[in-house]
Amino acid sequence: MEQQLIKKKEIVSILLRNNILVNRELLRKLSEPRIVDEWHRALLDGTPPAKLLHPAQEGDSRAKVVWEYDDVPKKRSVQDFVDYFNARYRQIHKILSGRAELQNLTSISRIRMKKDKERCSVIGIISDKNVTKNEHIMLSVEDSTGTIKILINKSNKDLYTQAQDLVFDEVIGICGQAAEDILFAETIVIPDIPIQEPKLAPEETYVCVLSCIHVGSAGFEHERFNNFIKWTCGEFGDDTMRAIAKKLRYIFACGDLVDGVGIYPAQEKELSITDIKEQYAECARLLSQIPKHITLLLAPGNHDVGRISEPQPRLLKEYAKPLYDLPNALLVTNPSIINIHAGEHFPGVDVLMYHGYSFDDYSECVPSIKHSGTHISDRAALVMRFLLQRRHLAPQHTSTLYIPDARYDPLVIERVPDLFVAGHIHKAGHLQHRSATIVAGSCFQKKTDFQEKVGHDPDPGVVPVINLQTRQVTMLRF
Ligand SMILES: [Fe+2]
């Protein structure tokens, strides 16, 4: 009891030193021993006192991290890659195995024992893909029991078009006629997300998606970002924009919060702030002007501090402490899943947040995306839909840098998201796929020389906002 009193006194004196009014309500809170212990521990750990009073989960904003990457640092070996791909296979096998289209599901080794032309199905990981002399598509797929060739006949137009989009290392189901060591495909089943109605919030509430702010870059769009901040405060835009701002509760910033240091050769010539800690301090200074009832979800991207391999852990505290000190900010891993706006009569929506480092590859290597008639910078939402259908954020081995985790593949999309938000491409886009709203954020950085050279067409200062009551997406221009 005496211990509790000492702790309570210490808490009150720290609060007073930080000019925080210790009123009756606050003292009532401190009458609970659990709160006293929690706050005392948090203050000793260096948590800013203001954060105790305004935790991001409270108030109108309700955000809870439901999945983050739990990194276990260790030396990786070849076996970790084997275990990693086996884990991916198991996770997606679980999603596919219940599918009605996959009749007579069997293992690859058992197909060889089947009588000629028997119809059966297998689930396998694509280890090879070729076009034969006669222009059919030939796949090699593996499971833990063996490898088999899959032939997709060019005369089956729909199936052939579907097969053209298949990428290496994705896990699919195939139903067809088996003949010794080959399966003549009739149906290809990708895991996809189920067909269901989108979950809609009971009241009008908005979420906005930022990405690639690039604070510290010489090309950082100060004015546009200041307009964005003013808008969150209700001080920018027309009546419609101001009405949205009033009901804005969540901001997802999907990585590349700062431009970083040493990300590419001679980057220092293109920086206005050359110290990484100062870049984060400036980023935090800007974000601190956003009203505190709006929760900020902050994840790293390939320009941020820390390792580039995915999953990326939360931003390193020793560099990004000012962001941790923001009372309304939640720092999360890339990727992560955050449930927002749950209430008594609403389960909330699950938001899958990913930076999007793998996106460049798929906009070029998937024929239906490459030949979609869209400019390379307008393909982010198409790529996101493609990945959601594959239930994997970067199926093809070379499409991103990753850490092979032997326990499970953290880039598999196991939980069906309600919103899938990302960035990286520097141009906003959105589409609805079944129950999921897919939204790509733009950027707050002018076109770089590199983007000019590779023909990218960024559109800075465009912010998509999602109405959780209708799932309608509006693009705001700052
Ligand atoms: Fe990026």
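Because the structure is a prediction, the values reported are computed rather than measured.

Participant: Describe the overall build of the chain, with residues and values.
Facilitator: For the chain, the count of helices and strands is 15 helices and 17 strands. Against the compact-globule benchmark of 23 Å for 478 residues, the chain has a radius of gyration of 25 Å, which places it among compact chains. By its C-alpha atoms, the chain is 85 × 55 × 45 Å across when sized along the principal axes. Within the chain, the fraction of its 478 residues that count as buried is 54%. Sequence separation of 24 or more characterises 69% of the internal contacts of the chain that already satisfy a separation of 6 or more. Summed over all atoms, the accessible surface of the chain reaches about 21700 Å², with 51% contributed by carbon and sulfur.

Participant: Would you mind going over the sheet that holds strand E14 (residues 429-433) in detail, with residue names and values included?
Facilitator: Read from one edge of the open sheet, six strands run E1-E11-E12-E13-E15-E14, paired in mixed fashion. Either end of the sheet is taken by a strand with one partner, and the two such strands are strand E1 (63-68) and E14. Adjacent strand axes in the sheet meet at a mean angle of 20 degrees, parallel and antiparallel pairs treated alike.

Participant: Would you mind going over helix H14 (residues 380-390) in detail, with residue names and values included?
Facilitator: Burial of H14 is extensive: ten of the eleven residues sit out of reach of the surface. Among the residues of H14, Ala380, Ala381, Leu382, Val383, Met384, Phe386, Leu387, Leu388, Gln389 and Arg390 are the ones counted as buried. Tucked inside the fold, the buried residues of H14 contact helix H5 (78-96), helix H12 (359-365), helix H13 (367-370), strand E13 (419-422), E14 and strand E15 (436-440). Backbone geometry just downstream of H14 places Arg391 in the positive-phi region, at approximately 55 degrees.

Participant: Could you give an account of the pattern of salt bridges, naming the residues involved and the relevant values?
Facilitator: Pairing between side chains of opposite charge can happen when their charged atoms approach one another. Across all of its chains, the model carries 23 salt bridges by this definition. Salt-bridge contacts for Arg88 lead to Asp409; the nearest nitrogen and oxygen are separated by 2.9 Å. Pair noted here: Arg88 is in helix H5 and Asp409 is in the loop between H14 and E13, with a separation of 321 residues, a long-range link. When its relative accessible area of 1% is taken as the criterion, Asp409 is described as buried. The partner of Glu452 in a salt bridge is Lys447, with the nearest N and O atoms 3.7 Å apart.

Participant: Outline the side chain of Glu68, listing residues and values.
Facilitator: Secondary-structure assignment places Glu68 in strand E1. According to the relative accessible area criterion, Glu68 is buried, its value standing at 17%. Here Arg314 takes part through its side chain, which lies 2.6 Å from a polar atom of the side chain of Glu68. Reaching out from Glu68, the side chain makes a polar contact with the backbone nitrogen of Thr333 at a distance of 3.0 Å.

Participant: Please provide a residue-by-residue account of the coordination of the iron ion, values included.
Facilitator: For the iron ion, the full set of protein donor atoms is Asp256 (OD), Asn302 (OD1), His355 (NE2) and His424 (ND1), and the range of their distances to it is 2.2 to 2.3 Å. Coordination geometry of the iron ion: the four donor atoms subtend angles of 80 to 168 degrees at the metal centre, consistent with an arrangement described as irregular. Coordination of the iron ion draws on donor residues from a single chain, spaced D-x45-N-x52-H-x68-H in sequence. In this pair, Asn302 sits in the loop between strand E9 (295-299) and helix H11 (317-324) while His355 sits in the loop between strand E12 (349-353) and H12, placing the two residues 53 residues apart along the sequence. With relative accessibility at 13%, the residue Asn302 sits in the buried group. On the accessibility criterion, His355 (1% relative accessible area) is buried.

Participant: So what's going on with the domain arrangement of the chain? Which residues, and what values?
Facilitator: Assigned domains within the chain: domain 1 (2-53), domain 2 (97-189) and domain 3 (206-477). A straight line from the C-alpha centre of domain 2 to that of domain 3 covers 37 Å. With seven residues of domain 2 in contact, the opposing surface of domain 3 contributes ten residues. Between domain 2 and domain 3, the buried area comes to about 680 Å², and carbon and sulfur atoms account for 52% of it. Considering only the side of domain 2, the residues that lose the most area to domain 3 are Asp165, Val167 and Asp169, jointly responsible for 66% of the buried surface there. Our enumeration of links across domain 2 and domain 3 arrives at one salt bridge. Arg390 is the partner of Glu170 in a salt bridge, and the nearest nitrogen-oxygen pair spans 3.0 Å. Across the contact surface, domain 2 and domain 3 share four residue pairs in polar contact (both at pLDDT 80 or more).

Participant: Could you give me a rundown of the environment of Tyr324, with the residues and numbers involved?
Facilitator: Position of Tyr324 among the secondary structure elements: in helix H11. Separated by 2.4 Å, the side chain of Tyr324 and the backbone oxygen of Leu315 make a polar contact.

What counts, and at which threshold
- Residues numbered from 1 in each chain as written.
- Predicted model: local features only at pLDDT ≥ 70, side-chain atom pairs only at ≥ 80, totals over all residues.
- Heavy atoms only, no water.
- Helix = DSSP H or I, 4+ residues; strand = E, 2+ residues; numbered from the N terminus.
- Rg over C-alpha atoms; globule rule 2.2 N^0.38 Å.
- Buried < 20%, exposed > 50% of the residue type's maximum accessible area, 1.4 Å probe, protein only.
- Contact = heavy atoms within 4.5 Å.
- Areas by Shrake-Rupley, 256 points an atom, 1.4 Å probe, with all protein chains shown as cover.
- Pairing = 2+ DSSP bridges.
- Axes fitted to C-alpha atoms, helices over the stretch in contact; angles between N-to-C directions.
- Salt bridge = Lys/Arg side-chain N within 4 Å of Asp/Glu carboxyl O.
- Polar contact = N/O pair within 3.5 Å; in protein donor to acceptor, adjacent residues only side chain to side chain.
- Donors = N, O, S within 2.8 Å, 3.2 Å for Na, K, Ca; no water.
- Tetrahedral: all angles 85-135°; square planar, octahedral: opposite > 155°, others 65-115°.
- Domains from an automatic or database assignment.
- Buried area = accessible area lost by both parts, 1.4 Å probe.

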